[in-house]
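# Residue-level structure breakdown
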Amino acid sequence: MTKQNRRSFIQQTGTSVAGLTAASFVIGKSERAVSAILAHLGNISYRLGHRKLFFDSVTESFTNDDEANGLLKRKYREPYVIPETV
């Protein structure tokens, strides 16, 4: 980080890079889950050729693409199968 960049950062945020601690980057469980889910949904869209997909967070499925729904879960080999309800 150059001196000019550091000065700009301090002016915009009111803190210096050296003043940041690990606690500055703590996020809650729900934010972490959303971050992971968004990454997975983006990967599914990429694998399907950048299709426009609509995801319903209540049912945790795509509303417009059955092929995309098939990529939401892995296909496990026997005997390493996870039951539908745990």
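Description of the structure in this document. Fair warning: this is a prediction, and the values are worked out from it, not measured in the lab. Per chain, residue numbering runs from 1 following the sequence as it is written. It should be noted that, the model being predicted, local features are given only for residues of pLDDT at least 70 and side-chain atom pairs only at 80 or more, the latter also being counted only at that level, while totals for whole chains, interfaces and linings use all residues. The side-chain figures draw on all heavy atoms in the structure; neither hydrogens nor water molecules are used.

This part covers the environment of Glu67. Tracing the sequence through the fold places Glu67 in helix α3 (residues 66-70). Burial here depends on accessible area, computed with a 1.4 Å probe over protein chains only, as a share of the maximum for the residue type. Under 20% is buried, over 50% is exposed, and the range in between is partly exposed. Overall, the relative accessible area of 47% leaves Glu67 in the partly exposed class. Spatially, the C-alpha atom of Glu67 lies 8.4 Å from that of Leu48, the residues being 19 residues apart in sequence. Here, residues are in contact when the closest pair of their heavy atoms is within 4.5 Å. Beyond its immediate chain neighbours, meaning those up to four positions away, Glu67 contacts Leu48 and Arg51. Secondary structure elements follow DSSP: runs of H or I of four or more residues count as helices, runs of E of two or more count as strands, with numbering from the N terminus.

In this section: the pattern of salt bridges. A pairing counts as a salt bridge when a side-chain nitrogen of Lys or Arg comes within 4 Å of a carboxyl oxygen of Asp or Glu. On inspection of all chains with the given rule, the structure shows 2 salt bridges. Across the salt bridge formed by Asp65 and Arg51, the nearest N and O atoms sit 2.6 Å from each other. Highlighted residues: Asp65 in the loop between β2 (61-62) and α3 and Arg51 in the loop between α2 (29-47) and β1 (55-56), separated in sequence by 14 residues. By relative accessible area, Asp65 is classed as buried at 10%. A relative accessible area of 33% places Arg51 in the partly exposed class.

Looking now at the nonpolar core. Ranked by size, the top nonpolar core spans 6 residues in total: Leu41, Ile44, Leu48, Leu53, Phe62 and Ala68. When sequence neighbours within four positions are dropped, the list of residues in contact with Ile44 reads Leu53, Phe62, Ala68, Leu71 and Leu72. Note on terminology: a nonpolar core comprises buried Ala, Val, Leu, Ile, Met, Phe, Trp, Tyr and Cys residues joined through side-chain atoms within 4.5 Å.

Aromatic pairs are defined between Phe, Tyr and Trp rings, using the six-membered ring for Trp, whenever the two ring centres lie within 6.5 Å; interplanar angles under 30 degrees are classed as stacked, those over 60 as edge-to-face, and all others as tilted. Under the counting rule described, the total for this entry stands at 1 aromatic pair. Arranged with centres 5.3 Å apart and planes meeting at 70°, the rings of Phe55 and Phe62 form a pair that is edge-to-face. On the basis of relative accessible area, Phe62 is assigned to the buried category, the value being 6%.

Expected helix span is taken as 1.5 Å per residue step, with the number of steps being one fewer than the number of residues. The terminal C-alpha atoms of α2, which comprises 19 residues, lie 27 Å apart, in line with the 27 Å expected from a rise of 1.5 Å per residue. Turning to α2, its buried residues number three or more, namely Leu41, Ile44 and Ser45. The buried residues of α2 occupy one face: seen down the axis, they fall within an arc of 95°. Facing away from the buried surface of α2 by more than 90 degrees, the exposed residues are His40, Tyr46 and Arg47. Buried residues belonging to α2 abut β1, β2 and α3. Directly beyond the C-terminal end of α2, a positive phi value near 85° is found at Gly49. The directions considered for the arc are those from the helix axis to the C-beta atoms.

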